[in-house]
Amino acid sequence: RFLRLLHRVVLHPALVCTRPSTMCAPAVHAPPIEPKPSGLWFALGMLFLVLDQAFWGLPMPFVALFIWATSRAILALTGYEVPLWLVTPWDTLCCMYLRGHGVRILDADTGASTGAADGLAIPGITSFRGVLLMNHRSWGDFVVDPYQGHCAVVARFAAVAVTCFAGVLGRLCSRVIMIERGKTSRAQLLDMCRSHDRYLIFPEGTRRAGTPGSDLPVALAGVGGLKNIWESRRDALVVITANKERIVNERHGRASYNTTLYRARAAAPVRPSEHATFEEFHAALEATWRETWARAYALRDECERGGRVAPYLAAGGRNSAASRLGKTPASKEMM
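Residues numbered from 1 in each chain as written. Predicted model: local features only at pLDDT ≥ 70, side-chain atom pairs only at ≥ 80, totals over all residues. Heavy atoms only, no water.

Engineer: Sorry, what's going on with the overall build of the protein here?
Structural biologist: Secondary structure assignment for the protein yields 14 helices and 10 strands. Scored against the burial criterion, the 335 residues of the protein give a buried share of 51%. As presented, the protein carries roughly 15100 Å² of accessible surface, and 61% of it is formed by carbon and sulfur atoms. (Helix = DSSP H or I, 4+ residues; strand = E, 2+ residues; numbered from the N terminus. Buried < 20%, exposed > 50% of the residue type's maximum accessible area, 1.4 Å probe, protein only. Areas by Shrake-Rupley, 256 points an atom, 1.4 Å probe, with all protein chains shown as cover.)

So this is what it looks like as structure tokens:
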């Protein structure tokens with residue numbers, strides 16, 4: 001409670017004092033970029049962000065390891081099923097991080113909002129075999145998205161290094177596929193991914209939050225990870241989550257402890273077997289990416305303009321803008 005109060009009152013007055021029109025503009029129409037805090041507020045916010053990340057990167061991996069080992073021992077004795085957040089110590093750490101930051105996810109396909117441990121994962125994701133394509137917003141994505149997808153994430157060496165012991169834990173648990181930009185070849189990446197039933201990539205290639213047009217989809221590069229998906233003949237499932245940059249935002253020096261995310265999934269995976277050429281496969285991915293993106297951000301706009309999350313939940317998502325853009329129960333099509 002103290003951290004949340006400190007975050008809202010001391011470190012982020014801009015969220016209360018700056019132009020409300022900037023924050024409420026519809027994302028699907030290229031809203032103005034939220035102004036970056038300046039001077040003392042930015043310095044304090046960045047200090048708070050560094051302390052937050054150091055806390056989760058240094059002592060908390062050991063705490064998560066202890067909780068994981070103790071809980072697994074208890075489950076082994078009682079015979080209860082292992083929940084997703086206890087499959088590996090990395091899953092335990094990610095779950096603790098998300099719960100500690102007060103993250104909730106509103107799902108466009110189920111109409112449900114949850115902050116519960118296993119509820120943050122994509123419904124039915126454990127039955128999916130293939131590659132997840134997710135949007136890249138900030139550092140927090142390396143925690144949010146692997147936990148949503150319950151899978152390994154392809155990450156650069158620098159991104160793993162700055163997370164300290166958390167990155168090491170992810171590597172030991174086979175939840176991080178580490179590459180070096182400019183050194184790791186596409187063939188090497190393909191070989192590293194073969195051992196994973198499911199893994200995720202960020203096809204945009206870089207963190208986009210806070211840049212011009214960042215709330216609009218960009219064209220997906222037809223090389224690298226996408227070529228590997230095509231050549232390995234693996235299904236590709238597009239998942240877009242809005243507001244991830246509000247958990248941590250390294251560009252603005254912010255960390256939040258009460259964030260609602262808005263998630264949309266493609267109705268079905270894009271399958272290489274259904275396309276004759278890579279160009280056709282890439283075009284199908286591009287269309288699916290843009291449609292799913294529009295649904296996620298339309299849901300965010302509908303719920304945040306006027307605080308209409310409760311009516312959306314009561315309707316089960318059936319009357320939402322996201323639904324009108326083509327809601328389909330994606331979990332039924334993952335097999």
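Engineer: I would appreciate a short explanation of the nonpolar core in the present structure.
Structural biologist: Side chains of a nonpolar character, in soluble globular proteins, are inclined to be buried together. Ranked by size, the top nonpolar core spans 50 residues in total, and within it Leu132, Leu133, Tyr199 and Ile229 carry the most contacts. The biggest single contributor to this core is helix H12 (residues 278–304), with 10 residues. With near-sequence residues (within four places) excluded, Leu132 lies in contact with Ile125, Gly149, Cys151, Arg198, Tyr199, Leu200, Ile201, Leu237 and Val239. Formed by 27 residues, the second largest nonpolar core is a distinct cluster that contains Leu93, Val103, Ala117 and Ala255. (Core = buried A, V, L, I, M, F, W, Y, C linked by side-chain atoms within 4.5 Å. Contact = heavy atoms within 4.5 Å.)

Engineer: What exactly am I supposed to notice about helix H9 (residues 165–172) here?
Structural biologist: In an α-helix there are 3.6 residues to a turn, and that puts residues three or four apart on one side. Within the sequence span of H9, burial applies to Ala166, Gly167, Leu169 and Gly170. Seen along its axis, H9 keeps its buried residues to an arc of 160 degrees; they face one direction. Looking at the packing, one finds that the buried side of H9 touches helix H4 (39–57), helix H5 (60–78), helix H6 (89–100), helix H8 (157–161) and strand E5 (176–179). (Arc of directions from axis to C-beta.)

Engineer: Any chance you could explain the state of the cysteines here in plain terms?
Structural biologist: Covalently bonding the sulfur atom of one cysteine to the sulfur atom of another cysteine gives a disulfide. As enumerated under the stated definition, the model contains zero disulfides in all. With no disulfide of its own, Cys95 has Cys94 as its nearest cysteine by sulfur position, at a separation of 8.8 Å. Take Cys95: its relative accessible area is 6%, and that puts it in the buried class. (Disulfide = S-S within 2.5 Å.)

Engineer: In this structure, what is going on with the packing of helix H11 (residues 225–232) against H12? I would like to understand it.
Structural biologist: Each pair of packed helices can be described by the angle between their axes along with the distance between the axes. Two elements in contact, H11 and H12, have axes separated by 11 Å at closest approach and are oriented at 120 degrees. Classified by the interaxial angle, the pair formed by H11 and H12 is oblique. Judged by the sense of rotation from one axis to the other, the crossing of H11 with H12 is right-handed. Of H12, the residues touching H11 (which contributes Leu226, Lys227, Ile229 and Trp230) are Phe278, Phe281, His282 and Leu285. Taken together, the residues of the contact of H11 with H12 break down into six nonpolar, one polar and one charged. (Axes fitted to C-alpha atoms, helices over the stretch in contact; angles between N-to-C directions. Parallel < 35°, antiparallel > 145°, perpendicular 65-115°, else oblique. Left-handed = near helix turned anticlockwise from the far one by under 90°. Nonpolar A, V, L, I, M, F, W, Y, C, P; charged D, E, K, R; others polar.)

Engineer: Got a minute to help me understand the packing of H6 against helix H7 (residues 141–149) in this structure?
Structural biologist: Between H6 and H7, the shortest axis-to-axis distance is 9 Å and the interhelical angle comes to 115 degrees. The hand of the H6/H7 crossing is left-handed. The residues of H7 that touch H6, namely those facing Trp90, Asp91, Cys94, Cys95, Tyr97 and Leu98, are Phe142, Val143, Val144, Pro146 and Tyr147. Residues belonging to the contact of H6 with H7 are distributed by class as follows: 10 nonpolar, no polar and one charged.

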